[in-house]
Amino acid sequence: MSMLTPPGMGGKYRITGDKYPRMRRPSGRRRIVLAVIASAAAIGLIGWGTLQLIDVFTGGSKASAAGHASKDCDRKPAAAPSESARKQKPLPKPKQITVNVFNATPRAGLAKSTADELKKRGFTIGEVGNATKAYDKKVKGTGLLLGAESAADTAIPVLGTQLAGAEHKSDARKGGEVDLVIGDRFKNLAKKEDADKALAALAKPEPTPTASNKNC
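All values reported here derive from a predicted model rather than from experimental measurement.

Taken as a whole, this structure holds 8 salt bridges when the rule is applied. Between Glu-117 and Arg-121 there is a salt bridge whose closest N-O contact spans 3.0 Å.

Quick look at the structure:
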């Protein structure tokens, strides 16, 4: 027995001569697998971080969101008419409106000349003369349009297309006629072409954009 053999050990553990038992190192397969997994995870993290940096510096996310929003806006239908436009009463034709023309200024002849021009434009003319004491020399603007409550959104706006800047007012009358009281700043009725454009715009109000299209 060799002196290197521990007491009580024999057989394959017995050391004789100059030969020693060969001690094997643990297998390196597990280390290789762990190294491969760690490398893959590191590559994935590096790739994800690179994409995030690209988005930050190029605004990729915002551009993509804007692109989607633009496509959504393109697909939306045309704006619908506003609620007030849908409920608007049919507007009368000029010939359906009887206009009383009164002069509240010191200048003579304005009521007749104005009434004659309105008649040429298709309006029906009623009374023509000087304004009553309640309005005589008290209308400071271009004019005052007076009518019943029912005429506030029908006959009065139609007549208003002929005289820019006139004040609109309702009173307690029951009839359908409308008064045009000529004021101190009156010079002439609106030019016929301008009045016709205003009347056409009044008859066909532009639609109001819906809430869903506000961000487009």
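Structure shown, so let's carry the discussion forward.
On to the sheet that holds strand E1 (residues 98-103). Strand order across the open sheet formed by 5 strands is E2-E1-E5-E3-E4, with mixed pairing between neighbours. One side of each edge strand has no neighbouring strand; the edge strands of this open sheet are strand E2 (124-130) and strand E4 (167-170). With strand direction ignored, the average angle separating the axes of adjacent strands in the sheet is 20 degrees. Judged from the 4 bridges that link them, strand E3 (residues 143-147) and strand E5 (residues 178-182) form a sheet pairing that is antiparallel. Within E5, the position partnered with Gly-143 by the bridge is Ile-182.

This next bit is on the nonpolar core. If you look at soluble globular proteins, the nonpolar side chains tend to sit buried side by side. By size, the foremost hydrophobic cluster in this structure holds 21 residues, and its most contacted members are Ile-97, Val-99, Val-101, Leu-118, Phe-123, Leu-159 and Leu-180. At the level of secondary structure, the elements contributing two or more residues to this core comprise E1, helix H4 (110-120), helix H5 (155-160) and E5. Setting aside its immediate chain neighbours within four residues, Leu-118 contacts Val-99, Val-101, Phe-123, Ile-125, Leu-159, Gln-162, Leu-180 and Leu-189. With 7 residues, the next largest nonpolar core counts Phe-102, Ala-104, Val-139 and Val-181 among its residues.

Cut-offs and rules
- Sequence positions are assigned chain by chain, starting from 1 and proceeding in written order.
- Predicted model: local features are reported for residues with pLDDT of at least 70 only, side-chain atom pairs are reported and counted for 80 or more only, and whole-chain, interface and lining totals are derived from all residues.
- Side-chain numbers here rest on the full set of heavy atoms in the structure, without hydrogens or water.
- By salt bridge we mean one thing: a side-chain nitrogen of Lys or Arg within 4 Å of a carboxyl oxygen of Asp or Glu.
- If DSSP finds at least two bridges between two strands, the strands pair.
- Put simply, DSSP H or I for four residues or longer makes a helix, DSSP E for two residues or longer makes a strand, and each gets a number counted from the N terminus.
- Between the N-to-C directions of two axes lies an angle of 0 to 180 degrees, each axis being a line fitted to C-alpha atoms and, for a helix, fitted only over the stretch in contact.
- As used in this record, nonpolar core signifies buried Ala, Val, Leu, Ile, Met, Phe, Trp, Tyr and Cys residues forming a set joined through side-chain atoms within 4.5 Å.
- Think of it in three bands: residues with accessible area under 20% of the maximum for their type are buried, residues over 50% are exposed, and the middle band is partly exposed, with areas taken using a 1.4 Å probe on protein chains only.
- Residues are treated as being in contact if the distance between any of their heavy atoms lies within 4.5 Å.

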